[in-house]
There are 2 protein chains.
Amino acid sequence: MEPNKATQDPNRYCVIMCGGIGSRFWPYSRTQRPKQFIDFFGTGRSLLQMTYDRILPYVPAENIIAVTNKSYVSLVAEQLPELRPENILAEPARRNTAPCIAWASHHIRALNPDASMIVVPSDHLITREAEFGSAILEGFEFVEHNDALLTLGIRPTRPETGYGYIQVGEPVCGNILKVKTFTEKPNREMARLFLSTGEFFWNSGIFLWTVRSILRAFEENAPEIASVFSAPDLLGEKGVERAFSACPAISIDYAVMEKAPNVYVETVSFGWNDLGTWSALYDNSPKNRDANVTQNCSVLAYNSTGNIFAVSGDKLVVVDSLKDFIIADAGDVLLVCPKDHEQDIKQMVNDARVKFGEKFL
Amino acid sequence: MEPNKATQDPNRYCVIMCGGIGSRFWPYSRTQRPKQFIDFFGTGRSLLQMTYDRILPYVPAENIIAVTNKSYVSLVAEQLPELRPENILAEPARRNTAPCIAWASHHIRALNPDASMIVVPSDHLITREAEFGSAILEGFEFVEHNDALLTLGIRPTRPETGYGYIQVGEPVCGNILKVKTFTEKPNREMARLFLSTGEFFWNSGIFLWTVRSILRAFEENAPEIASVFSAPDLLGEKGVERAFSACPAISIDYAVMEKAPNVYVETVSFGWNDLGTWSALYDNSPKNRDANVTQNCSVLAYNSTGNIFAVSGDKLVVVDSLKDFIIADAGDVLLVCPKDHEQDIKQMVNDARVKFGEKFL
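Reading guide: rules and limits
- Residues numbered from 1 in each chain as written.
- Chains lettered and ligands numbered in written order.
- Predicted model: local features only at pLDDT ≥ 70, side-chain atom pairs only at ≥ 80, totals over all residues.
- Heavy atoms only, no water.
- Helix = DSSP H or I, 4+ residues; strand = E, 2+ residues; numbered from the N terminus.
- Rg over C-alpha atoms; globule rule 2.2 N^0.38 Å.
- Contact = heavy atoms within 4.5 Å.
- Lys, Arg positive; Asp, Glu negative; His and termini not counted.
- Charge placed at Lys NZ, Arg CZ, Asp CG, Glu CD.
- Salt bridge = Lys/Arg side-chain N within 4 Å of Asp/Glu carboxyl O.
- Buried < 20%, exposed > 50% of the residue type's maximum accessible area, 1.4 Å probe, protein only.
- Pairing = 2+ DSSP bridges.
- Axes fitted to C-alpha atoms, helices over the stretch in contact; angles between N-to-C directions.
- Least-squares fit on C-alpha atoms with pLDDT ≥ 70 in both.

Trainee: Honestly, the overall build of chain A in this entry has me stumped. Any pointers?
Mentor: Counting its regular elements, chain A contains 12 helices and 17 strands. The globule rule puts the C-alpha radius of gyration for 361 residues at 21 Å, and the 21 Å found for chain A is close to it. Across chain A, contacts joining residues at least 24 apart in sequence account for 67% of those joining residues at least 6 apart. Across chain A, the centroid of the 35 positively charged side chains sits 3 Å from that of the 44 negatively charged ones.

See below:
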């Protein structure tokens, strides 16, 4: 179970999904440079780079594959120069996670039909990396010895309404249990109930399985996707374009996990946050004594508490009488919006598109 | 009284005062480019240039003199390429308006002892230029035939607490009356009273007199300044430096106007605002249907009214739930502050200096 041994296992692969556009973090996250490519915490490494660094002790470097939108291939290559060009898969269209995973799984099977793999998003925060490492080693061991689709379920620390939850069933071994149900995002009252029972875990979007298990699961549960990616003419740019244009846009949860009978959850606790919202970023960032969070900028705050400042470059921000706001400046776009209106940002992005075209997206 | 005749009067001079630093408009107005040098209304001309354009029909071009701080000489020369270099007087130190006017008056006397002159600030807004023209022609006529110090008093349109007022005495001729008293800025109740009596006018800081009258008034009322600028060693950069370092920093109102017996006011009404504050700028700018004012930028405003946006460059600003705020962005500094806290901006500038040095000033 030590990293060194694991690193030497040539059957283990990792798929890093990094094709999202991160519009909920607009304007800090932009179409041209979505959030996974940003040094969110001012550490010198982007979220994508942190994801790569985190997985590297457990998977051979040559077995790490990034799947991204074709428009981000050069960004990925620039941020991860260690990746071989053939390890960057360029999606010709946005089709959510199921087609992405189906394609990557076929790609890996062609390289190694005995492969096991972990699928990780590139834009999450994980603070306790050693515990993450132990967890994925336990997961690899499990899926390599069982025909299992394994998802990591995060032990909840608050009644979060922004996540889907997994209800666990009977224990199997170690931290691994059968999945009873996947749930939609709950309301506040329901989230409190989930937390109190101890049976519900956050759905992290991190998966482990063998290519055999996942490809069989696609065939059984999502034949419309399985057939597209098992077609003989998949090879080449044209073939990939045809495949993606024939696919529905659907998540792996809907397409496979909620239907398959062999779905398991490993319950884990390694300081995880999906950084899906400004509030999540605020909650996970160190605060100053006024409970303000600043990102890479100098702030003078008067009568102002509970704000998150995300301002690019060496800029001074002076605010007075702002409470619980997002202040995000990305050079040519400034957003000042209450944290509890952050669900409206997508609409604002749409309004900006209608009024100004693609210029500010 | 037509401009053409006046333009040909070689005895008429204009002194444009343009040495202020405009810190109340920080960060839109910066030490390196104070407000008079900014194209405040997006018209293509700065406030200084608008001031020059406004005076040009009434004073021969070669008789227009700009007095500025030495650090802004190149800005003045750049914005007013029509000015001869010798018509830009560079103050070596900030000493308020009295030393500035004393120096300029001595300078003009050396050129033409029979000169009359108008002194104008460079950072005010005047919307009805034809009425301004008629007013200053009436003023020139009056001071050229009387030993008079004339100030323009603006007929008030609201109970403004940000201005000094002039109470008028007995009428003399046309729109010209004796001055009864100069007042300090009143409180709201007093300002309402001032407005209701019809006897009080806003002190515009625009003056007319002959060089003979003003220099005699300096000798009689501010000998400590008069003696400095009538000294024989004034000539040359060193002499000017000595003179300014020997002067107190004092306004022309305190030094001369409030003491001299021959002070008159011409009551005028030409759409004047001293643009002394963000609120004044807000009040004088066209508003959209949400009562927001935007300066040179694109704004998407949600649940937001009564704001003034002053953002440099081609920037999109998106705000939600801001009411009656100043949103000012100057590239490396962003200010978000309630309009009714604008008197605190000077303190914020001081705080920025203490914390970050001169960088953001």
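Trainee: Any chance you could explain the pattern of salt bridges here in plain terms?
Mentor: A side chain with one charge can pair with a side chain of the opposite charge if their charged atoms come near. All names here are of chain A. Throughout the structure, instances matching the rule amount to 34 salt bridges over all chains. Here Arg12 and Asp9 are joined by a salt bridge, their closest N and O atoms 3.5 Å apart. For Arg12, a relative accessible area of 4% gives the class buried. Residues Asp324 and Lys323 are paired through a salt bridge, measuring 3.7 Å at the closest nitrogen-oxygen approach. Since its relative accessible area comes to 53%, Lys323 is described here as exposed. Beyond isolated ion pairs, a larger network of salt bridges with shared partners links Asp9, Arg12, Glu141 and Glu144.

Trainee: Help me out: how do you make sense of the sheet that holds strand S13 (residues 298-302) of chain B in this one?
Mentor: Hydrogen bonds along the backbone pair up the strands of a sheet, which may run parallel or antiparallel. One open sheet holds the 6 strands; their spatial order is S12(A)-S14(A)-S16(A)-S17(A)-S15(B)-S13(B), and the pairing between them is mixed. With one partner strand each, in any of the chains shown, strand S12 (293-295) of chain A together with S13 of chain B form the two edges of the open sheet. Neighbour to neighbour, the strand axes of the sheet diverge by 5° on average, direction disregarded. In this structure, strand S14 (residues 308-311) of chain A lies alongside strand S16 (residues 325-329) of chain A, joined through 4 bridges in parallel fashion. Looking across to S16 of chain A, one finds that Val311 of chain A is bridged to Asp329 of chain A. Set on the sheet, helix H12 (residues 345-356) of chain A makes contact with S16 and strand S17 (333-338) of chain A together with S13 and strand S15 (316-320) of chain B; between it and S13 of chain B the angle comes to about 145°.

Trainee: Would you mind showing me how to read the relation of the copies chain B and chain A here?
Mentor: Related by rotation about an axis and a shift along that axis, the two copies of the chain form a pair. Overlaying chain B with chain A gives an RMSD of 0.1 Å, the required rotation being 179° about an axis along which the chain moves by 0.0 Å. Put plainly, the chains are arranged around a two-fold axis. Measuring from the rotation axis to each C-alpha of chain B, the shortest distance belongs to Gly331 of chain B, at 3.8 Å. A share of 100% of the interface residues of chain B reappears at the interface of chain A, consistent with the copies meeting face to face through the same patch.

No statement about biological role is implied by the geometric values presented.
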